[in-house]
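Now for the letters of each chain:
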Amino acid sequence: MKPPGKMRSAFEKGGRLERFWPLVDAAETFFFRLPVRTAGGAHIRDAYDLKRMMMIVVVALFPSMIFGTYNVGYQFYASAGISADHIACMLKGLTVIIPLYVVTFAVGGAWEVFFALIRGEEINEGFFVTGALIPLVMPPAIPLWQLALAVSFGVVLGKELFGGTGMNIFNPALVSRAFLFFAYPKSISGAGVWTLTGDRVVDAYTMATPLHLGIEPKGDIITHLSANGFDFWRMFTGLEPGSIGETSVIAILIGALILIITGVGSWRIIVSVFAGGAVVALVCNAFAPSPASILALPAHYHFVMGGFAFGAVFMATDPVSAAGTNSGKYVYGFLIGALTVMVRTLNPAYPEGMMLAILFMNLFAPLIDYTVVQLNMKRRVRRAAG
């Protein structure tokens, strides 16, 4: 199908509206196929491209989106002591999720268009995945204006100032969350922000997350969590307060399978994150002064608490900010998991850990790759000489 072209020349090079060509290009790319298609020649034909990769990541996020939507509504009615059916929970969750996504894509999309116009470049799909991720790492009660500021900070300072999609050092979605954590800590930390509540909260409802309950347990930490309703199975399924997309490990694992089977997500990083967390948790268990210490928390509990699983699957595997070499991915992932458990157990002021661990390792990912390449070169030189 040929795109409409009467006014197209005004936007092309030399036209009076040349500056706005990225908008025309974006519309044509989205609604039309290319006017000239390659029929043959020396081109590598592959079904894998940036758009397809973005779509696969978004599809992998669907289980977490759907469950997160349901859980927001479920927690709302549970906090009020109301027994609501599944449809009512989903509808209530949609009233929260839809505004978050509208604000995220409106603000982030506006910044993408702005920088594309300034640079005279095409509007790419880089924000598509970032925009899908940001609401899922937010508490459901986050004010929309704070979300807009966080998206702006993540897109502008986390990506565009580095050159745009593919050039960023840090994961933009986590930069947005880090901005909220340091600029508006009351909105994204503590025990009372992870549930959307009405005017009335019943006494039997616990608004604290398992991570907060684990800071100062009364008695054996596992018994303490179970006494407050957080047994392993509940944390594995995800019917608990928390960030919208991070509570259900089942939904996250479905997404992980999609990413691994399609080759979009690195299984080396995912497995290494869990291995690093397990090793450090075992060391902490060995030095735990008592069963009441958070050091005594078993590794498999760390995996189902907070954003550990979500970060390992969807954040640590960002192909732009993660290590690129196969050996480097093992080191990169292992250190993320290890740092996460270390922060959780040794720093009670910040019981999560995953966000800062990933951002910290984003910084060292190029150094890890450089070291791996240099060691490989030295090994080949020795092999050639010997």
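Quantities reported herein were computed from a predicted structural model and do not represent experimental measurements.

Reading guide: rules and limits
Residues numbered from 1 in each chain as written. Predicted model: local features only at pLDDT ≥ 70, side-chain atom pairs only at ≥ 80, totals over all residues. Heavy atoms only, no water. 1 Å grid on protein atoms, 1.4 Å probe; cavity = no way out; pocket = protein on both sides within 12 Å on 5 of 7 lines; lining within 4 Å. Points joined across faces, edges and corners; volume = space filled by probe spheres on them. Nonpolar A, V, L, I, M, F, W, Y, C, P; charged D, E, K, R; others polar. Salt bridge = Lys/Arg side-chain N within 4 Å of Asp/Glu carboxyl O. Helix = DSSP H or I, 4+ residues; strand = E, 2+ residues; numbered from the N terminus. Buried < 20%, exposed > 50% of the residue type's maximum accessible area, 1.4 Å probe, protein only. Lys, Arg positive; Asp, Glu negative; His and termini not counted. Contact = heavy atoms within 4.5 Å.

A. Just the layout of surface pockets, in detail. Roughly 380 Å³ of volume is contained in the second largest pocket. Around the second largest pocket, the lining is made up of 22 residues, and of these Met54, Val129, Asp318, Pro319 and Val320 lie nearest the centre. Each residue belonging to the lining of the second largest pocket can be placed in one class, and the counts come to 12 nonpolar, eight polar and two charged.

B. Examining the pattern of salt bridges more closely. According to the stated counting rule, one finds four salt bridges in the structure shown. In this structure, Glu160 and Arg119 form a salt bridge, with 2.7 Å as the shortest nitrogen-oxygen distance. Here Glu160 is found in the loop between helix 6 (144–156) and helix 7 (172–183), whereas its partner Arg119 is found in helix 4 (residues 86–119), with 41 residues between them in sequence. As a salt-bridge pair, Arg344 and Glu352 come within 3.1 Å of each other at their nearest N and O atoms. There is no split in this pair, since Arg344 and Glu352 are both buried.

C. Inspection of the side chain of Glu240 at higher detail. Take Glu240: it is sitting in the loop between helix 11 (232–237) and helix 12 (249–262). Arg234 provides the closest opposite charge to the buried, salt-bridge-free Glu240, at an N-O distance of 5.4 Å. Those residues within four positions of Glu240 in sequence are excluded, and the remaining contacts are Asn71, Gln75, Pro210, Phe230, Arg234, Met235, Thr247 and Val304.

D. Region of the structure containing the environment of Arg119. Taking the relative accessible area as the measure of exposure, Arg119 reaches 31% and is therefore partly exposed. For the pair Arg119 and Thr209, spaced 90 residues apart in sequence, the C-alpha to C-alpha distance is 44 Å. Residues in contact with Arg119, not counting those within four places in the same chain, are Glu160, Gly163 and Gly164.

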